[in-house]
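Take a look at the letters that make up each chain.
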Protein chains: 2
Amino acid sequence: MAKNFPTREENYAQWYNDLVIKADMAENSAVRGCMVIKPYGYAIWEKMQAVLDKMFKDTGHMNAYFPLLIPKSFFSKEASHVEGFAKECAVVTHYRLKNSPDGKGVVVDEDAKLEEELIIRPTSETIIWDTYKKWIQSYRDLPLLVNQWANVVRWEMRTRLFLRTTEFLWQEGHTAHATKKEAIEESEKMLDVYAEFAEKWMAMPVLKGVKSPNERFAGAVETYCIEALMQDGKALQAGTSHFLGQNFAKAFDVKFLSKENKLEYVWATSWGVSTRLMGALIMAHSDDKGLVLPPKLAPVQVVIIPIYRKEEQLAEISKVAVKLKEALQAKGISVKFDDRDTYKPGWKFNEYEFKGIPVRLAIGPRDLENGTIEVARRDTLEKETYQITDIENKVEHILEQIQDNLYQKALSFREDNTHVVDSWDEFKDVIENKGGFVLAHWDGTSETEDKIKAETKATIRTIPMDGKSEEGACVYSGKPSNQRVVFAKAY
Amino acid sequence: MAKNFPTREENYAQWYNDLVIKADMAENSAVRGCMVIKPYGYAIWEKMQAVLDKMFKDTGHMNAYFPLLIPKSFFSKEASHVEGFAKECAVVTHYRLKNSPDGKGVVVDEDAKLEEELIIRPTSETIIWDTYKKWIQSYRDLPLLVNQWANVVRWEMRTRLFLRTTEFLWQEGHTAHATKKEAIEESEKMLDVYAEFAEKWMAMPVLKGVKSPNERFAGAVETYCIEALMQDGKALQAGTSHFLGQNFAKAFDVKFLSKENKLEYVWATSWGVSTRLMGALIMAHSDDKGLVLPPKLAPVQVVIIPIYRKEEQLAEISKVAVKLKEALQAKGISVKFDDRDTYKPGWKFNEYEFKGIPVRLAIGPRDLENGTIEVARRDTLEKETYQITDIENKVEHILEQIQDNLYQKALSFREDNTHVVDSWDEFKDVIENKGGFVLAHWDGTSETEDKIKAETKATIRTIPMDGKSEEGACVYSGKPSNQRVVFAKAY
């Protein structure tokens, strides 16, 4: 199986796109910008969902479901939301087809025009706050901690599988609180959940911080984010959590009677991650030989491949393999024993390497004689032969090592590609020639941020939350600054 | 908490609607016909999903995700699909909004008109078979066993929460096979999965059978279904599984190279259940006091309520209650200990009765003295006091009894409301005055079925699969028939 695709060095963008398609993660569909998520890719998304869903529930949230379609007028209710949110939305105008007069298929029935157009949700703040108005009367109804798993549509002009698609899958949390303090705590708590998920499960280190006003979500008072660094030196926003103040409560008139018997507007947050995380996961670890998946999110963690010439050998190997499979499964490890006779071992080795299966075990006739087994790691490509006795413990340990190694490798990469820069010439040079995160002083104005973006395409990815205060001069304007911020070109 | 709503006797339709809303299952949204599924309702749907998803995976299926939007032209490709499928669909015609010239909100940007309109999927056969064309080349690619969890939109004129909504949630399985036999086996296997889910988890007995040609899915060669009987004597179609023959393979030109090296069209099935099951679950068991949920699908199976006057009493009761909660949880039982001091025990009793919590445990100061506990069953409304020692085993057993009792009760109801009818007068009388399932002979023609429907509103719900052959005369036309079929008025 020759997977003909470029190296990262040759063409990073093409490497990514080919990898996604050839590893059976996703593909483009007949509808512009909408992808099909294939079973292997979807299995990873399901693992992500399961972990995140449990984290949301452990922090007190419940799931619910709100309509896909939103009346157009709702988008006009919150001023900065309507002003700032992209207008590229799918618009439903009719509700019926009819047989075409020429007898060839169907046409839109012009008699079935909606009085008010409906928008396919690009995000659900408006319809949810319209609903919360009915759910919230008293402080006893608060906090309201709700999450939704859903599809959303944003009519993107340039799309890339997982990273930017017209339709994508995500979760959106929408919470309501009695106090500002509690809402801010919630926004920060969910950012921590996202960071923990990225680092512990995806093995992907992230910077936590807030967005500059330019990059803030339309309607938010503060946007928190996690930012990861990809192997091409570009930043990827992996999740956001918004403190919405009372903006949506005011737009949709959601008030509650406080303990002190006063009518007050409710405080809000919203937070989300999407199938974009799939793109981040693929780009964070994979190499020129194919996918590399962290064991904790790999649908198949271990594959066992028999090496044999004669049927009798396969029978003998199978006995050992099936026992081993059960021993590994008993430890909660997902295992595939690939005893198909339609493919040769060499083909299988390539296939599973390409698909990023963390550990490959191979057993041949000589192994049977010697009581050994070959263990190959996908992350380091190292192969080693071990005694088969208690190999399940060894494999379990190796899976943990791989998970840890992938994180450390990504962390080292980020450290190697984070540059502290103090002059404008150096800034331009680093952004253009090295890439990565650039830590530089900024005067705090949108004007300067815009100019930097215009000249270099770099934007402020985040203002670090744990950033130490440091006096300095803006790398562009020379005006005073008291903290470095993180610049980068971004996905 | 007075839940003011009619009895089933007074107004069954209103009873159902009020129950759904007042028990916090779902509510109508700002968008005509689209519902909001509230957290308590959604928690039940999540349980249903988890069980079904495991059943699908245990039968070899994997999940994937296909686009929400389908090009209009796809609907013209399969002749009977386009002819028979309802034309009431949401049509996307534009992809951008813009600020309105008067500065008040947004309007549709007429410059952003799509060349070809997109339809929000009412079902996904067309887009999936367009995709399968790329996935299937050889018999080695078969069978292809894929399921999708998704939202779909059908522009229904008359909607009812869960039972018929413009947008609903469902799963749709779409499989491809090398032979007709294998595809038929798959359709029947998935019908069995649905029937097992309905009976073992929802405690709802169902009839298995096939649809008459009139009621068949547009594009199917055979439609299998499960039909349940509701308390008002109307039938509810709870799930369908379609053998699609080679219809979609031919429409989308999906061929494979067989083992014999011949190019052949692929054989197909599709099968689905939806949030309609929520409506069935609610109607199957609930009573005039509120929801009744089968323990296996209840988000909270046991609630513990402390009865106390003084704080010290609550402290003592809490010790016992927390220990009991842990003992129940160790058995995999979901428990809520409601120690809120903002509500009185009487209010809580009513609340949990209304919400259908299967078992309620109450502990007061006297119970502490005597080492006892009061156990109340939601299904029978019986209360009994037991020694608290080993009560967790007793509760576990009672939950099983409730699950079984609900099924038996629903089965008796169905038996009591199934009528064998041999004359047209009796048929009309039973349909009009008694309701329920009517077993009658039918001559096998669509013409007769149409006439019966026109005169009585009853349709053939199913032709039983295990129906014994029996010679007879059609109840309407008097023509010969060799099997009774099941008629009813239906949701």
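Residues numbered from 1 in each chain as written. Chains lettered and ligands numbered in written order. Predicted model: local features only at pLDDT ≥ 70, side-chain atom pairs only at ≥ 80, totals over all residues.

**Comments concerning the packing of helix H8 (residues 311–330) of chain A against helix H11 (residues 391–416) of chain A**
All names here are of chain A.
Line of reasoning, step 1. Between H8 and H11, whose axes approach to 9 Å, the crossing angle comes to 50 degrees. Classified by the angle their axes make, H8 and H11 are oblique. Remark: the crossing between H8 and H11 carries right-handed chirality. Listed contacts from H11 to Leu324, Ala327 and Leu328 of H8 are Ile391, Glu392 and Val395.
Line of reasoning, step 2. Along the lines of polarity and charge, the residues of the contact of H8 with H11 split into five nonpolar, no polar and one charged. (Axes fitted to C-alpha atoms, helices over the stretch in contact; angles between N-to-C directions. Helix = DSSP H or I, 4+ residues; strand = E, 2+ residues; numbered from the N terminus. Parallel < 35°, antiparallel > 145°, perpendicular 65-115°, else oblique. Left-handed = near helix turned anticlockwise from the far one by under 90°. Contact = placed C-beta atoms within 7 Å. Nonpolar A, V, L, I, M, F, W, Y, C, P; charged D, E, K, R; others polar.)

**Quick word on the sheet that holds strand S16 (residues 267–274) of chain B**
Residue and element names in this part refer to chain B.
Line of reasoning, step 1. Here 11 strands make up an open sheet; going across it, the order is S3-S9-S10-S16-S13-S12-S11-S24-S27-S23-S22 and the pairing mixed. A strand with exactly one partner marks an edge of an open sheet, and here the two such strands are strand S3 (62–63) and strand S22 (418–420).
Line of reasoning, step 2. Relative to the sheet, helix H12 (residues 424–434) contacts S22 and strand S23 (437–441), its axis offset from that of S23 by approximately 170 degrees. (Pairing = 2+ DSSP bridges.)

**A closer look at the interface of chain B and chain A**
Line of reasoning, step 1. With 54 residues of chain B at the contact, the number on the chain A side is 54 residues.
Line of reasoning, step 2. In terms of residue class, the side of chain B that touches chain A is made up of 32 nonpolar, 10 polar and 12 charged.
Line of reasoning, step 3. By the bridge criterion, three bridges tie strand S5 (residues 91–94) of chain A to strand S5 (residues 91–94) of chain B in an arrangement that is antiparallel. Looking at S5(B), one finds that Val91(A) is bridged to His94(B).

**Quick look at the sheet that holds strand S17 (residues 302–306) of chain A**
Residues and elements named next belong to chain A.
Line of reasoning, step 1. One open sheet accounts for five strands, arranged S18-S17-S19-S20-S21; its pairing is mixed. Where the open sheet ends on each side, the last strands, each with one partner, are strand S18 (335–337) and strand S21 (383–387). Here the average twist between neighbouring strands, direction ignored, is 25 degrees.
Line of reasoning, step 2. As judged from the five bridges shared by S17 and strand S19 (residues 359–363), these two strands associate in the parallel manner. When the sheet's bridge partners are listed, Val303 is paired in S19 with Arg360.
Line of reasoning, step 3. Its contacts with the sheet put helix H9 (residues 345–354) on S17 and S19, and the angle it makes with S17 is roughly 170 degrees.

**Thoughts on the domain arrangement of chain A**
Residues and elements named next belong to chain A.
Line of reasoning, step 1. Under the domain assignment, chain A is made up of domain 1 (12–71 + 123–285), domain 2 (298–413) and domain 3 (418–488).
Line of reasoning, step 2. The centre of domain 1, based on its C-alpha atoms, is set 27 Å off from the matching centre of domain 3.
Line of reasoning, step 3. With 16 residues of domain 1 at the contact, the number on the domain 3 side is 15 residues.
Line of reasoning, step 4. At the level of elements, strand S11 (207–210) and strand S12 (222–229) are the ones that each hand at least two residues to the side of domain 1 that touches domain 3.
Line of reasoning, step 5. It is S11 that provides the largest number of residues to the side of domain 1 that touches domain 3, a total of four residues.
Line of reasoning, step 6. Taken together, the residues of the side of domain 1 that touches domain 3 break down into six nonpolar, four polar and six charged. (Domains from an automatic or database assignment.)

**A word on the relation of the copies chain B and chain A**
Line of reasoning, step 1. Rotating chain B by 180 degrees and moving it 0.0 Å along the rotation axis overlays it on chain A with an RMSD of 0.0 Å. Each copy turns onto its partner about a two-fold axis. Within chain B, the C-alpha atom positioned nearest to the axis of rotation is that of Val92(B), 2.1 Å from it.
Line of reasoning, step 2. A shared binding surface is used by both copies, with 100% of the interface residues of chain B retained as interface residues in chain A. (Least-squares fit on C-alpha atoms with pLDDT ≥ 70 in both.)

**Digging into the environment of Met25(B)**
Line of reasoning, step 1. Structurally, Met25(B) is set in the loop between helix H1 (12–22) and strand S1 (26–28).
Line of reasoning, step 2. C-alpha separation for the pair Met25(B) and Pro39(B), spaced 14 residues apart in sequence, amounts to 7.3 Å.

**Focus on the nonpolar core**
Soluble globular proteins tend to pack their nonpolar side chains together in the buried interior.
Line of reasoning, step 1. Residues Ala198(A), Ile226(A), Ala228(A), Ala198(B), Ile226(B) and Ala228(B) are the most contacted members of the largest nonpolar core, which totals 297 residues.
Line of reasoning, step 2. Apart from the residues within four sequence positions on either side, Ala198(A) is in contact with Met204(A), Val206(A), Ile226(A), Ala228(A) and Ala238(A). (Core = buried A, V, L, I, M, F, W, Y, C linked by C-beta atoms within 7 Å. Buried ≥ 20, exposed ≤ 12 C-beta atoms within 10 Å, placed from the backbone.)

**Quick notes on unusual backbone geometry**
Line of reasoning, step 1. Residue Leu142(A) is joined to Pro143(A) through a cis peptide bond whose omega torsion reads -5 degrees.
Line of reasoning, step 2. Among the structural elements, Pro143(A) can be located in the loop between helix H4 (125–135) and strand S9 (144–153).
Line of reasoning, step 3. With a phi angle near 65 degrees, Asn261(B) is a residue other than glycine that sits in the positive phi range.
Line of reasoning, step 4. By the element assignment, Asn261(B) lies in the loop between strand S14 (255–257) and strand S15 (263–265).
Line of reasoning, step 5. Looking at Asn261(B), the number of C-beta atoms within 10 Å reads 8, which means it is exposed.

**Details of helix H7 (residues 276–285) of chain B**
Line of reasoning, step 1. Burial analysis of H7(B) places 10 of its 10 residues in the buried class, which makes it a mostly covered element.
Line of reasoning, step 2. For H7(B), the full list of buried residues reads Arg276(B), Leu277(B), Met278(B), Gly279(B), Ala280(B), Leu281(B), Ile282(B), Met283(B), Ala284(B) and His285(B).

**Considerations on helix H1 (residues 12–22) of chain A**
Residue and element names in this part refer to chain A.
Line of reasoning, step 1. The complete set of buried residues in H1 reads Trp15, Tyr16, Leu19 and Val20. All buried residues of H1 project into a common sector of 125 degrees when viewed along the axis, lining one side.
Line of reasoning, step 2. Looking at the packing, one finds that the buried side of H1 touches strand S1 (26–28) and helix H7 (276–285).
Line of reasoning, step 3. Of the residues one or two after H1, Asp24 is the one with positive phi, at around 60 degrees. (Arc of directions from axis to C-beta.)

**Overview of the pairing of strand S16 (residues 267–274) of chain A**
Here is the key point about a regular strand: its side chains alternate between the two faces of the sheet.
Residue and element names in this part refer to chain A.
Line of reasoning, step 1. The buried count for S16 comes to eight of eight residues, which makes it a mostly enclosed element.
Line of reasoning, step 2. Going residue by residue along S16, you find Trp267, Thr269, Trp271 and Val273 tucked away on one face and Ala268, Ser270, Gly272 and Ser274 tucked away on the opposite face as well.
Line of reasoning, step 3. Relative to S16, strand S10 (residues 167–177) runs antiparallel, the two being bridged by eight bridges. Each residue of the ladder has a partner; that of Gln171, found in S16, is Val273.
Line of reasoning, step 4. As paired strands, strand S13 (residues 235–245) and S16 are joined by five bridges and run antiparallel to one another. By the bridge assignment, His242 is partnered in S16 with Ser270.

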